[in-house]
Amino acid sequence: MTVDATVPAIEVQNLSTSYRVHLDAGSTWGGIYDLFRRSPDTDRIVPALRDVSFDVPRGSVLGVIGRNGAGKSTLLRCIAGILPPEEGRVKVRGRISSLLSIGVGMNPALTGRENIRLGGLAIGLTDDVLRDITGDIAAFAQLGEYVDFPVGTYSTGMRARLAFAVVAFLDPEILLIDEALSGGDSKFQEKVGHKMAEICSSGRTIVLVSHGLAALRSMATSALWMHQGQVVEHGDPDEVVESYMRFARIQSAAGEFDF
Amino acid sequence: MSSSPPGTNVLREYSDVEYTFEPHDNSLPDIRAYMADVWDRRAFMVANARAEMKSPYAGTVLGDFWRILDPLFQALIYMFLFTAIRGRGGSDYFLMVVSGVFLFNFTMVGLRDGGRAIQKAKGLVLNSTFPLATLPLSALYTGFLELGPTVAVYVLFHVVFGGSVSSAFLMLPLMLCLQVAITVGMMLIFATLTVYVRDMANLLDYLLRILMFITPVIYPAAQLDALPGILHTLLHLNPLFTLFSCYQSILSGGGTPDPGALMQSAAWALVLPVVGFRFFVSRERGFAMRLQG
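Source: prediction; values computed, not measured.

A word on the nonpolar core. For soluble globular proteins, nonpolar side chains are generally found buried alongside one another. Ranked by internal contacts, the top residues of the largest apolar core, which has 146 residues, are Ile79(A), Val207(A) and Leu208(A). Element by element, the count of residues in this core is highest for helix α8 (residues 172–196) of chain B, at 14 residues. Domain assignment of the residues forming this core places at least three in each of domain 1 (1–98 + 172–259) and domain 2 (105–171) of chain A. Not counting chain neighbours up to four residues away, the residues in contact with Leu208(A) comprise Val61(A), Leu62(A), Gly63(A), Val64(A), Ile177(A), Leu216(A) and Ala220(A).

Have a look at this one:
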């Protein structure tokens, strides 16, 4: 049995979307105005994605790179179905991890265990399933007794480890991972690499947003470079990372680059 | 990744789940499927309510006991004020204020927590997909949790202070159902408004206080009969007005509620949840976009 790689797990077609910036002045009346319109208002809108199209075949790893604000996280949210497209469409074939950077979404007053349970129940898992995987998640994230401590007391590394572990152990067919590799020490990153290899060799599909270019190069089967909401280059990871780094050097020489 | 060739591990087949995400136009999803989805997430709603409740009384000496003390103190303060202003008090009046405040507390909690539920759960909303109506609805659990013990306390007061008991008491559960329905409707409307109009979050507390004063909670509804007709009509636009005057007729009056008032409450209880639900659900796909900024 093989995974049919000719069937794209994810098809993104002419996707455009934007988000609203809340200006202090006028936001209230604008909000009231929007509320009673059938289609969203077109004012005070920052385009986040513009005419983005690409496919992700089943069993592949797509690495998404780009500067802050390039639209990488927005892209993941669109694929997960959290943000609706304004134009175009997204087609997803398979169970998707609809729990994105839960690290960001975690409630600091709740313990790690409670956060896992809350997020898991939200996406429709049962307590039986959650009891089974919580131990695995805590072990993989090396939380030890900290799993019963409030997340607010965690270090950045612990949060990142927990975030990755949650996504990986929910066992979706299509994994969306946002910045998971930027946290954690090198030993944990190695573990992440192994886990991703394991997931991928079982035919699962991964979309990975990362600033860690080296890690991305070794793991991704293709790469997508985004800039200001548009796709600049899509293809072989080595080539895309190469041109991205060339671009970064030029920009930083001009003093305009920020990661 | 390409270094581990496919086939070394067991390849697992994909399920045939397929999603298509397209631009939305504030249209309604399949309501029945949505309701089923919400019902399936009962455990989530309870967990979410418990998460919200976790902080306020944590570490206090009296702990959860505050859930009774808080509304009780409120009732005593209002009673003192009203007695001081009108120079009239007595056990009848005491029972009326306590029952009013305890019952109104359910709606108060529902609207206070439910109205802000989407913004409070911003992290979850932006990072996962689930029926968002579960967020405000989980405030109902908090409301019931506070209502339970206060009902027990009230029963005790009612007996001690010699409140009258009649067969009309059997109607109370039905009226509570009407109150829950009205609360759900208002809660969903407030929750939607809070996402679109950020000032709502600040305004909410004042609106709730106003709502309490235009509802016969701490004064007898009959007292407003002297008001000019137009004001009286305006007060009846408050969905809780007739319901609370019915509560008073039963609990303090010892009689049966006015059928007309009861019908009016039932009408609100039928219309508001439908309107609120449609309003919320047709706009929830746009929530994430507005929370992002």
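The next subject is the packing of helix α2 (residues 42–53) of chain B against helix α7 (residues 134–160) of chain B. All names here are of chain B. At their nearest, the axes of α2 and α7 sit 8 Å apart, and the two run at 70° to each other. Overall, the two elements α2 and α7 adopt an arrangement that is roughly perpendicular. For the pair formed by α2 and α7, the contact residues are Phe 44, Met 45, Val 46, Asn 48, Ala 49, Glu 52 and Met 53 on the first element and Thr 134, Leu 135, Leu 137, Ser 138, Ala 139, Tyr 141 and Thr 142 on the second. Tallied by class, residues from the contact of α2 with α7 come to nine nonpolar, four polar and one charged.

What follows covers the confidence of the model for chain B. Low pLDDT means the predicted atomic positions in that stretch should not be read closely. Residue and element names in this part refer to chain B. On average, chain B scores 86 in pLDDT, and the residues at 70 or more come to 92%. When pLDDT is averaged over each helix and strand of chain B, the minimum, 80, is found for helix α3 (residues 66–86) and the maximum, 95, for α8. Overall, residues 1–9 carries pLDDT values under 50, and its contacts beyond four positions in sequence, including any with other chains, amount to 17 contacts. Per the prediction output, this complex has pTM 0.84; the corresponding ipTM is 0.80.

Below, the discussion takes up the packing of α8(B) against helix α11 (residues 241–251) of chain B. Residues and elements named next belong to chain B. At a minimum axis separation of 11 Å, α8 and α11 run at an interaxial angle of 160°. Taken together, the axes of α8 and α11 are roughly antiparallel relative to one another. The interaxial crossing formed by α8 with α11 has left-handed handedness. Mapping the contact onto sequence places Leu 172, Met 175, Leu 178, Gln 179 and Ile 182 in α8 and Leu 243, Cys 246, Tyr 247 and Ile 250 in α11. When grouped by side-chain class, the residues that make up the contact of α8 with α11 number eight nonpolar, one polar and no charged.

All names here are of chain A. As far as domains go, chain A holds domain 1 (1–98 + 172–259) and domain 2 (105–171). Secondary-structure elements contributing two or more residues to the side of domain 1 that touches domain 2 are β5 (174–178) and α7 (186–201). The biggest single contributor to the side of domain 1 that touches domain 2 is α7, with four residues. When grouped by side-chain class, the residues that make up the side of domain 1 that touches domain 2 number seven nonpolar, four polar and two charged.

Residue and element names in this part refer to chain A. Its identity is not glycine, yet Asp 51 carries a phi of approximately 50°, on the positive side. Take Asp 51: it is sitting in strand β2 (residues 45–57). In this structure Asp 51 comes out as partly exposed when scored by C-beta crowding, with 14 C-beta atoms within 10 Å. The phi dihedral of Gln 228 is positive, around 45°, even though this residue is not glycine. Considering the arrangement of structural elements, one finds Gln 228 in the loop between β7 (222–227) and β8 (230–235). Since 14 C-beta atoms lie within 10 Å of it, Gln 228 is described here as partly exposed.

Residue and element names in this part refer to chain B. By the element assignment, Phe 102 lies in helix α4 (residues 91–115). Along the chain, Phe 102 and Ile 68 lie 34 residues apart, while their C-alpha atoms are 8.9 Å from each other. With sequence-adjacent residues up to four places away left out, Phe 102 is seen in contact with Pro 71, Thr 150 and Tyr 154.

Residues and elements named next belong to chain A. With 17 residues, helix α9 (residues 237–253) should cover 24 Å at 1.5 Å per step; its first-to-last C-alpha distance of 24 Å lies within 8% of that length. Of all the positions in α9, only Pro 237, Val 240, Val 241 and Tyr 244 are classed as buried. The buried residues of α9 occupy an angular sector of 95° when projected down its axis, which confines them to one face. Summarising the geometry of α9, the exposed residues directed more than 90 degrees from the buried face are Asp 238, Arg 246, Arg 249, Ile 250 and Ala 253. Turning to α9, the residues buried within the fold contact β3 (61–65), α8 (213–219), β7 and β8.

All names here are of chain A. The strand order across the open sheet built from five strands is β5-β6-β3-β7-β8, with neighbouring strands paired in mixed fashion. Where the open sheet ends on each side, the last strands, each with one partner, are β5 and β8. The average undirected angle you get between the axes of adjacent strands in this sheet is 15°. In terms of strand pairing, β5 meets strand β6 (residues 205–209) through five bridges, oriented parallel. Across the sheet, the residue bridging to Leu 176 is Val 207, located in β6. Where α9 meets the sheet, its contacts fall on β3, β7 and β8, and the angle it forms with β7 comes to roughly 25°.

Looking now at the pairing of β5(A). In summary, the side chains of a regular strand alternate between the two faces of the sheet. Burial within β5(A) is extensive, with five of its five residues counted as buried. Residues Ile174(A), Leu176(A) and Asp178(A) of β5(A) are buried on one face, and the alternating residues Leu175(A) and Ile177(A), pointing to the opposite face, are buried as well.

The next point concerns the environment of Met289(B). Residue and element names in this part refer to chain B. Turning to its location among the elements, Met 289 is positioned in helix α13 (residues 287–291). Take Met 289: there are 23 C-beta atoms within 10 Å of it, and that puts it in the buried class. When the C-alpha positions of Met 289 and Leu 126 are compared, they lie 8.6 Å apart, and in sequence the two are 163 residues distant.

Note that Thr192(B) resides in helix α8. Contact partners of Thr192(B), with chain neighbours within four places excluded, come to Phe279(B), Phe280(B) and Arg283(B).

Conventions adopted
- Residues numbered from 1 in each chain as written.
- Chains lettered and ligands numbered in written order.
- Predicted model: local features only at pLDDT ≥ 70, side-chain atom pairs only at ≥ 80, totals over all residues.
- Core = buried A, V, L, I, M, F, W, Y, C linked by C-beta atoms within 7 Å.
- Buried ≥ 20, exposed ≤ 12 C-beta atoms within 10 Å, placed from the backbone.
- Helix = DSSP H or I, 4+ residues; strand = E, 2+ residues; numbered from the N terminus.
- Domains from an automatic or database assignment.
- Contact = placed C-beta atoms within 7 Å.
- Axes fitted to C-alpha atoms, helices over the stretch in contact; angles between N-to-C directions.
- Parallel < 35°, antiparallel > 145°, perpendicular 65-115°, else oblique.
- Nonpolar A, V, L, I, M, F, W, Y, C, P; charged D, E, K, R; others polar.
- pLDDT = per-residue confidence, 0-100.
- Left-handed = near helix turned anticlockwise from the far one by under 90°.
- Expected span 1.5 Å × (residues − 1).
- Arc of directions from axis to C-beta.
- Pairing = 2+ DSSP bridges.

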